[in-house]
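Breakdown of the fold
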Amino acid sequence: IERETGRVRALVGYRRGGEPDPWLALKSLYPAASLIKVVTAAAALEKGEITPGEEIVYRGGIYRITRRNLHAKGGRGAGSMSLEEAIAKSANSVFGKVAVDYVGGETLEEYLEKFGFGQEIPFGLPVEASRGEVPRDEYNLARTGAGFGEVYVSPLHVAMIMAAIGSSGRMPRPILI
C-alpha cells in the first residue's frame, strides 16, 4: 500500500501447495504477533508515560514473559533497555512491562480501536474486521501487549497500520485500482 495515497500495490494470497487465493489478504486469520508492540509503544508514548530513550528494567531473557519477572526491579541480575532498543530487538519482556506499567488494559483496548481493530475497513472488496481481546489480569495483559494475545489481523490492515506509522499517524484509506 502506498502510504500517501492508499493505493494497494499488491493483493495476493496463496494456500498450501501454491494454490492462489487473493481473498486471504482480506481475512483476519493471522495473529497480530509483534505488530501489537507498535500499538503498545504508540499508546505509551502518546500518553506521555514514557520516552523512547527511557530505560525499562527487566529480569530474565528479553523474549520470555513470566509472572515472577513481571514486576522486576533493578539490582543484581536485572537488565535494562530503552523502548527504542526494545522495539528494535522485539523484546517481549520489556513490552510486557510497558503494557502493564505504562499503558493498562483500557488504554491498550482504546489504541487497538484507534488503529482500526474491530472496525470495518472501507474498501472495494469485503475485508474482515481485525479483532482483539485485551485481558485485564496483569500477566495476560503483558502477553497481549508483547504480541502473544488473542489479536487477529488481515494483511491489508497490517499494511494500513505500517503506512500510518510511516506517515506520522495518518492511516490511509485503501484504494484498489
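Residues numbered from 1 in each chain as written. Predicted model: local features only at pLDDT ≥ 70, side-chain atom pairs only at ≥ 80, totals over all residues. Heavy atoms only, no water.

What about the environment of E120?
Secondary-structure assignment places E120 in the loop between α4 (105-114) and β4 (131-132). Residue class for E120 comes out exposed when judged on its relative accessible area of 72%. C-alpha of E120 to C-alpha of I62: the two residues are 58 residues apart in sequence and 35 Å apart in space. (Helix = DSSP H or I, 4+ residues; strand = E, 2+ residues; numbered from the N terminus. Buried < 20%, exposed > 50% of the residue type's maximum accessible area, 1.4 Å probe, protein only.)

Observations concerning empty space enclosed by the protein
The final tally for this structure, using the stated rule, is one cavity of 30 Å³ or more. Estimates place the volume of the largest cavity at around 40 Å³. Around the largest cavity sit R59, R64, I65, T66, N69, L70, S93, G96 and K97, which together line it. Broken down by element, the residue count for the lining of the largest cavity peaks at three residues, all from helix α3 (residues 92-103). Class assignment for the residues of the lining of the largest cavity results in two nonpolar, four polar and three charged. (1 Å grid on protein atoms, 1.4 Å probe; cavity = no way out; pocket = protein on both sides within 12 Å on 5 of 7 lines; lining within 4 Å. Points joined across faces, edges and corners; volume = space filled by probe spheres on them. Nonpolar A, V, L, I, M, F, W, Y, C, P; charged D, E, K, R; others polar.)

Thoughts on the pattern of salt bridges
Taken as a whole, this structure holds eight salt bridges when the rule is applied. Measuring nitrogen to oxygen at the nearest pair gives 2.6 Å for the salt bridge that ties R9 to E2. A salt bridge links K114 to E46, with the shortest nitrogen-to-oxygen separation between them at 3.6 Å. One end of the pair, K114, is in helix α4; the other, E46, is in helix α1 (residues 35-46), and 68 residues separate them in sequence. Here the salt bridges share partners, and the residues they tie into one network are E2, R7 and R9. (Salt bridge = Lys/Arg side-chain N within 4 Å of Asp/Glu carboxyl O.)

Structural notes on the sheet that holds β4
Paired through their backbone hydrogen bonds, the strands of a sheet run either parallel or antiparallel. Taken in spatial order, the three strands make up an open sheet running β1-β5-β4, and their pairing is antiparallel. Two strands bound the open sheet, and with one partner strand each, they are β1 (30-31) and β4. Where β4 meets strand β5 (residues 151-153), two bridges bridge the pair, whose relative direction is antiparallel. Bridging across to β5, R131 finds its partner in Y152. (Pairing = 2+ DSSP bridges.)

Description of the packing of α3 against helix α5 (residues 138-146)
Their axes nearest at 7 Å, the elements α3 and α5 cross at an angle of 120 degrees. What the angle tells us is that α3 and α5 run oblique. Viewed along their axes, α3 and α5 form a crossing whose handedness is right-handed. Each of N92, F95, G96, A99 and V100 in α3 lies in contact with α5, whose residues at this interface are E138, L141, A142, G145 and A146. (Axes fitted to C-alpha atoms, helices over the stretch in contact; angles between N-to-C directions. Parallel < 35°, antiparallel > 145°, perpendicular 65-115°, else oblique. Left-handed = near helix turned anticlockwise from the far one by under 90°. Contact = heavy atoms within 4.5 Å.)

A short note on the layout of surface pockets
Its boundaries defined by the atoms lining it, the largest pocket holds a volume of some 220 Å³. As for the largest pocket, its lining consists of A42, E46, Y111, K114, F115, A164, I165, S168, G169 and M171. The residue makeup of the lining of the largest pocket, split by class, is six nonpolar, two polar and two charged.

Re the nonpolar core
Among the nonpolar cores identified, the biggest contains 38 residues, and M81, L83, V94, V98, F115 and F117 are the most heavily contacted of them. Within the residue set of this core, elements represented by two or more residues are α1, β2 (55-59), α2 (83-89), α3, α4, α5 and β5. Apart from the residues lying within four places of it in its own chain, the contact partners of F117 are I36, L112, S130, R131, V151, Y152, V153, H157 and I161. Counting seven residues, the second-largest nonpolar core is a separate cluster that includes I121, F123, L156 and M160. (Core = buried A, V, L, I, M, F, W, Y, C linked by side-chain atoms within 4.5 Å.)

A short note on α3
For α3, the buried fraction is high: 11 of the 12 residues fall into the buried class. Listed in full, the buried residues belonging to α3 are N92, S93, V94, F95, G96, K97, V98, A99, V100, Y102 and V103. Buried positions along α3 lie against α1, β2, β3 (78-82), α2, α4 and α5. Looking one or two residues beyond α3, the residue adopting positive phi is G104, at roughly 90 degrees.

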